[in-house]
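# Descriptive analysis of the structure
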Amino acid sequence: MTAPKTLYDKIWDAHVAHEAEDGTCLLYIDRHLVHEVTSPQAFEGLRMAGRKVHAPDKTIAVPDHNVPTTAGREDPAQMTEESRIQVEALDKNAKEFGVHYYPVSDVRQGIVHIVGPENGWTLPGMTVVCGDSHTATHGAFGSLAHGIGTSEVEHVLATQTLIQKKSLNMKVEITGKLKPGVTAKDITLAVIGETGTGGGTGYVIEYCGEAIRDLSMEGRMTVCNMAIEGGARAGLIAPDETTYEYCKGRAHAPKGAAWEQAVEYWKTLFTDEGAHFDKVVTLRGEDIEPVVTWGTSPEDVLPITGVVPSPEDFEGGKVEAARRSIEYMGLTPGQKLSDIEIDTVFIGSCTNGRIEDMRAVAEVVKGKKIKEGIRAMIVPGSGLVRAQAEEEGLAEIFEAAGFEWRLAGCSMCLAMNPDQLSENERCASTSNRNFEGRQGYKGRTHLVSPAMAAAAALTGKLTDVRELV
Amino acid sequence: MEKFEKLQGIAAPMPLVNIDTDMIIPKVFLKSIQRSGFGVNLFDEMRYNRDGSEIPDFVLNKPQYRDAEILIAGDNFGCGSSREHAPWAIADFGIKCIVSTSFADIFFNNCFKNGILPIVLPQEQVDVLMADAEKGANARMTVDLEAQEITTSDGVSIAFEVDAFKKHCLLNGLDDIGLTMEKADSIKSYEEKLTAQRPWV
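Residues numbered from 1 in each chain as written. Chains lettered and ligands numbered in written order. Predicted model: local features only at pLDDT ≥ 70, side-chain atom pairs only at ≥ 80, totals over all residues.

In plain terms, the rule: UniProt positions are given in the numbering used here, feature names are shortened, and annotations may be inferred rather than shown by experiment.
Per an unreviewed UniProt entry, chain B carries the name 3-isopropylmalate dehydratase small subunit and comes from Thalassovita mediterranea. Under the UniProt heading Sequence similarities (unreviewed entry), the entry covering chain B gives this text: "Belongs to the LeuD family. LeuD type 1 subfamily."

An unreviewed UniProt entry lists chain A under the name 3-isopropylmalate dehydratase large subunit, from Thalassovita mediterranea. Per UniProt, chain A carries the Subunit (unreviewed entry) text "Heterodimer of LeuC and LeuD."

## Let's talk about the overall build of chain B
Quick reminder of the rule: Numbering of helices and strands starts at the N terminus; helices are DSSP runs of H or I of at least 4 residues and strands are runs of E of at least 2. Once C-beta atoms are placed from the backbone, any two residues with those atoms within 7 Å are in contact.
The helix and strand inventory of chain B stands at eight helices and seven strands. For the C-alpha atoms alone, the extent of chain B along its principal axes is close to 60 × 40 × 25 Å. Look at the contacts in chain B between residues 6 or more apart in sequence, and 67% of them connect residues 24 or more apart.

## Some words on the overall build of chain A
What counts is decided by this rule: Remark: C-beta atoms are placed from the backbone, and a residue is labelled buried if 20 or more other C-beta atoms sit within 10 Å of its own, exposed if 12 or fewer do, or partly exposed between those counts.
In terms of helices and strands, chain A carries 16 helices and 19 strands. Per-residue burial for chain A yields a buried fraction of 61% across its 469 residues. Nonlocal contacts in chain A, meaning residues at least 24 apart in sequence, comprise 77% of its contacts between residues at least 6 apart.

## Some points on the interface of chain A and chain B
Rule in force here: Basically, the charged four are Asp, Glu, Lys and Arg, the nonpolar ten are Ala, Val, Leu, Ile, Met, Phe, Trp, Tyr, Cys and Pro, and anything else, Gly included, counts as polar.
At the junction of the two partners, chain A supplies 55 residues and chain B supplies 44 residues. Of all the secondary-structure elements, those providing two or more residues to the side of chain A that touches chain B are strand S1 (16-19), strand S2 (25-28), helix H2 (40-49), helix H3 (81-97), helix H5 (150-159), strand S8 (161-164), helix H10 (256-266) and helix H11 (317-329) of chain A. Looking at which element gives the most residues to the side of chain A that touches chain B, the answer is H5 of chain A, with six residues. Residue composition of the side of chain A that touches chain B, by class: 21 nonpolar, 23 polar and 11 charged.

## A few points about the domain arrangement of chain A
Residues and elements named next belong to chain A. The condition that has to hold: Boundaries of every domain are those given by an automatic assignment or by a domain database.
The assigned domain composition of chain A is domain 1 (8-166) and domain 2 (293-467). A separation of 28 Å is found between the C-alpha centroids of domain 1 and domain 2. Listed per partner, the contact involves 21 residues of domain 1 and 22 residues of domain 2. When the residues that make up the side of domain 1 that touches domain 2 are grouped by side-chain class, the tally is seven nonpolar, 10 polar and four charged.

## Digging into the pairing of strand S3 (residues 97-100) of chain B
All names here are of chain B. Spelled out, the test is: One bridge is not enough; two strands pair if DSSP finds at least two bridges between them. When the strands point away from the viewer, a crossover counts as right-handed if the path from the first strand over the helix to the second runs clockwise.
With burial as the criterion, each face of S3 is covered, one bearing Cys97 and Val99 and the other bearing Ile98 and Ser100. Sheet topology note: the strand S2 (residues 70-73)/S3 ladder contains three bridges and is parallel. By the bridge assignment, Ile70 is partnered in S3 with Cys97. Handedness of the crossover is the feature at issue here: the chain leaves S2, passes through helix H3 (residues 85-93), returns alongside S3, and the resulting connection is right-handed. Pairing of S3 with strand S4 (residues 117-120) involves four bridges; the strand directions are parallel. Note on S4: the bridge partner recorded for Ser100 is Val120.

## Some details on H11 of chain A
Given 3.6 residues per turn, any residue in an α-helix points the same way as the ones three and four places further on. Residue and element names in this part refer to chain A. Heads up, the condition is: Here, expected helix span is obtained from the residue count minus one, scaled by 1.5 Å. Our arc is simply the arc of the directions from the helix axis toward the C-beta atoms.
Spanning 13 residues, H11 covers 18 Å between terminal C-alpha atoms, matching the ideal 18 Å at 1.5 Å per step. Along H11, the residues that are buried comprise Lys318, Ala321, Ala322, Ser325, Ile326 and Met329. Angular distribution of buried residues about the axis of H11 spans 130 degrees; they occupy a single face of the element. Just downstream of H11 lies Gly330, where phi reads positive at about 65 degrees.

## Here's the deal with the UniProt feature "domain: Aconitase A/isopropylmalate dehydratase small subunit swivel" (unreviewed entry) in chain B
UniProt's entry tags residues 1-124 of chain B with the feature "domain: Aconitase A/isopropylmalate dehydratase small subunit swivel" (unreviewed entry), counted in the numbering of this structure. In residues 1-124 of chain B, helix accounts for 22% and strand for 17%; the two terminal C-alpha atoms are 33 Å from one another.

## Topic: the nonpolar core
The criterion, for reference: What makes a nonpolar core is a set of buried Ala, Val, Leu, Ile, Met, Phe, Trp, Tyr and Cys residues, with links drawn between C-beta atoms within 7 Å.
Among the nonpolar cores identified, the biggest contains 205 residues, and Val345, Ala456 and Ala457 of chain A together with Ile70 and Ile72 of chain B are the most heavily contacted of them. For this core, the leading source of residues is helix H16 (residues 450-459) of chain A, giving eight residues. When residues of this core are sorted by domain, at least three fall in each of domain 1 (8-166) and domain 2 (293-467) of chain A.

## A word on the UniProt feature "binding site: [4Fe-4S] cluster" (unreviewed entry) in chain A
All names here are of chain A. Cross-referencing UniProt, the feature "binding site: [4Fe-4S] cluster" (unreviewed entry) maps to Cys350, Cys410 and Cys413 in the present numbering. A maximum C-alpha distance of 8.7 Å places the annotated residues, which cover 64 residues in sequence, within one compact spot. Topologically, Cys350 is positioned in helix H12 (residues 349-352). With respect to the helices, strands and loops of the structure, Cys413 is situated in the loop between strand S17 (404-405) and strand S18 (426-429). Residue Cys413 is classed as buried on the basis of its C-beta count, with 29 C-beta atoms lying within 10 Å.

## Considerations on the sheet that holds S4 of chain B
All names here are of chain B. What counts here: Angles run from 0 to 180 degrees between N-to-C directions of axes, and those axes are lines fitted to C-alpha atoms, restricted for helices to the stretch in contact.
Taken in spatial order, the seven strands of this open sheet run S4-S3-S2-S1-S5-S6-S7, and their pairing is mixed. For this open sheet the edge positions go to S4 and strand S7 (157-159), each flanked by a neighbour on one side alone. On average, adjacent strands in this sheet sit at an angle of 25 degrees to one another, irrespective of strand direction.

## Notes on H3 of chain A
Residues and elements named next belong to chain A. With 17 residues, H3 extends 24 Å between its outermost C-alpha atoms, agreeing within 8% with the 24 Å of an ideal straight helix rising 1.5 Å per residue. Along H3, the positions that sit buried rather than exposed are Ser83, Gln86, Val87, Leu90, Asn93 and Ala94. Axial view of H3: buried residues confined to an arc of 125 degrees, hence all on one face. In this structure, H3 carries Glu81, Lys92, Lys95 and Glu96 as exposed residues pointing more than 90 degrees from its buried face. In the core, the buried residues of H3 are packed alongside H2, strand S4 (59-61) and strand S5 (100-101). After H3 finishes, the residue Gly98 shows a positive phi value of roughly 70 degrees.

## Considerations on the sheet that holds S4 of chain A
Residue and element names in this part refer to chain A. Taken in spatial order, the five strands line up as S5-S4-S3-S6-S7 in an open sheet, and their pairing is parallel. Unpaired on one side and paired on the other, S5 and strand S7 (144-147) mark the two borders of the sheet. Two strands pair when backbone bridges link them, and strand S3 (residues 31-34) and S4 are joined in this way by three bridges, in the parallel orientation. Paired with His32 across the strands is Thr59, a residue of S4.

## What about the confidence of the model for chain B?
Applied cut-off: The quantity known as pLDDT measures the predictor's confidence residue by residue, on a range of 0 to 100.
With 100% of its residues at a pLDDT of 70 or more, chain B has an overall mean of 96. For this predicted complex, the interface score ipTM comes out at 0.94, while the overall pTM is 0.96.

## Points about the environment of Leu170 of chain B
All names here are of chain B. Among the secondary structure elements, Leu170 is positioned in helix H6 (residues 164-172). The spatial distance from the C-alpha of Leu170 to the C-alpha of Leu145 is 8.7 Å, given a sequence separation of 25 residues. Among residues more than four places away in sequence, those in contact with Leu170 are Phe4, Phe112, Gly115, Leu117 and Leu145.

## Remarks on the packing of helix H6 (residues 184-195) of chain A against helix H8 (residues 217-225) of chain A
Residues and elements named next belong to chain A. Cut-off, in case you're wondering: Convention used here: angles under 35 degrees read as roughly parallel, angles over 145 as roughly antiparallel, angles from 65 to 115 as roughly perpendicular, and any remaining angle as oblique. Each crossing gets its hand from how the near helix is turned against the far one by less than a right angle, where anticlockwise is left-handed and clockwise is right-handed.
One can describe the packing of H6 onto H8 by two numbers: an axis separation of 8 Å at closest approach and a directional angle of 20 degrees. Here H6 lies roughly parallel to H8, going by the angle between them. In the crossing of H6 with H8, the sense of the turn from one axis to the other is right-handed. Contacts between H6 and H8 pair Ala184, Lys185, Ile187 and Thr188 from the former with Gly219, Thr222 and Val223 from the latter. Class assignment for the residues of the contact of H6 with H8 results in three nonpolar, three polar and one charged.

Pasting the structure below:
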């Protein structure tokens, strides 16, 4: 009998195309997602070397980082010259190399990590890579998914493989039930608060436990999306009925007999009893509160009921980092987090730009108005999410409350398009990074769940959503 | 790719922890479709005022560190995005080796693709190198990849670990894609097996 394996072990073993004596492997890649920022140099490299894309049918490209989110964006004048060149380069490369492509004009266009699952490209047991760190999102399906650099993008385009060494196994278990008002975003931030941004370095995380099982696919994607913020190569959740239900009928999911065959295989994708994990972290679902970040690292997480810490609360290099963060964020140690006034609310991104996130916001703001003077923007993760939100009447709720209802893209998550914070502008954001300058030069970001962002829009300050519903 | 064999150069100290890729190269500079020219914007928001003038306190603006080729950095260097523009900017500036207690995974891999050697050492040894780097331009360190050894200006030697395959590629400036293409038969036979076993892929 073979030794018990983790889910990661199983997916890894199923994708090794070649293994050298020192353990360096060629890992076969089932899906390669491509966007406009990290791919132009890779396609250019292929062109220079006279190489082709090895498996264009497994390669899916979509522009997302640079695209404007306002109406009439087909007009090139809406983009800066440099952004336009990148988007046009992707148009050209997709055509020349014959890969699947969703241009800006296609209703299916959106953030690459939302487009992949939505169209059935991402399926359980696959290996998925993209020149983007938030590729971890796709781990929600029980697929091994991680970000790669541009040299590796070129390597995958040319060979459909990656040179890899296996990571260690880490288990993150969330036991029990979540309390009302606590969401997948709070889980993933709470885990990073516990482990630190370097805590997952060298590991692939498998998230498990009742609170994870209870999540929808949208929630699971939110959890896995931020595995990278904990330093892990990838985050995984074993597929189950929730996963199959989500995948069934998607455009590129298998049909008929192939579907039955696929599900039969997917049912083997779980961690065997007694399999070894190199590190285990356990949180009680009941202990997780709605959280916010106070600093400039995703590990700077506290419950909304807390106060801004003091640099002296930390040790080692973190003392100086915390001092710098507090100054950058314009906060005072001891200040109540729920007293922090905000200027802007951003709802969207590959972390929280899915339909369930839109519904969560609508539930909080329905029939209410956002606080006067607050700039509040909702950017759906894809054209399909936008269409569904409109069909469900959510867009009307948002606009009646005073939100701007935008077209799909990465938008203010990383502010490569015109959606940016100005100096010292403070934002409650459903995105994934609160780094210095992330949402705009000297902009100040507080990471929160969609429900918490909605609450902040109504009150004009960081707010415990439980007080409003 | 340029070979990395032995380097003797000035080391600059950057003790701040969690230096992320947005600090290394802010996104406004990711719009180029070239691989070169990013060095001038390395650490842009820490290095320059809004009007483009230099911030004198920033380590790489200090006269003694302007020609640094080695960076001694705080924990979890390179966390954040997968942008290879980060190592491109570092290499373009002239830095060829970074030492820290830990690196973010994707950044670490990206370095090796660009002739940069990232070295992981325990805190005590990073502290020794940080103190040496604080001495300024006269403190020139030597990094010998073949021997896997760093020597400080005082002659203190510190051994380091590096993956054998990555070392081989760096020492010889090898192109990964060429190496992988030599294994085309393995990839082809894997694909045949895949078609039989998981046809929906």
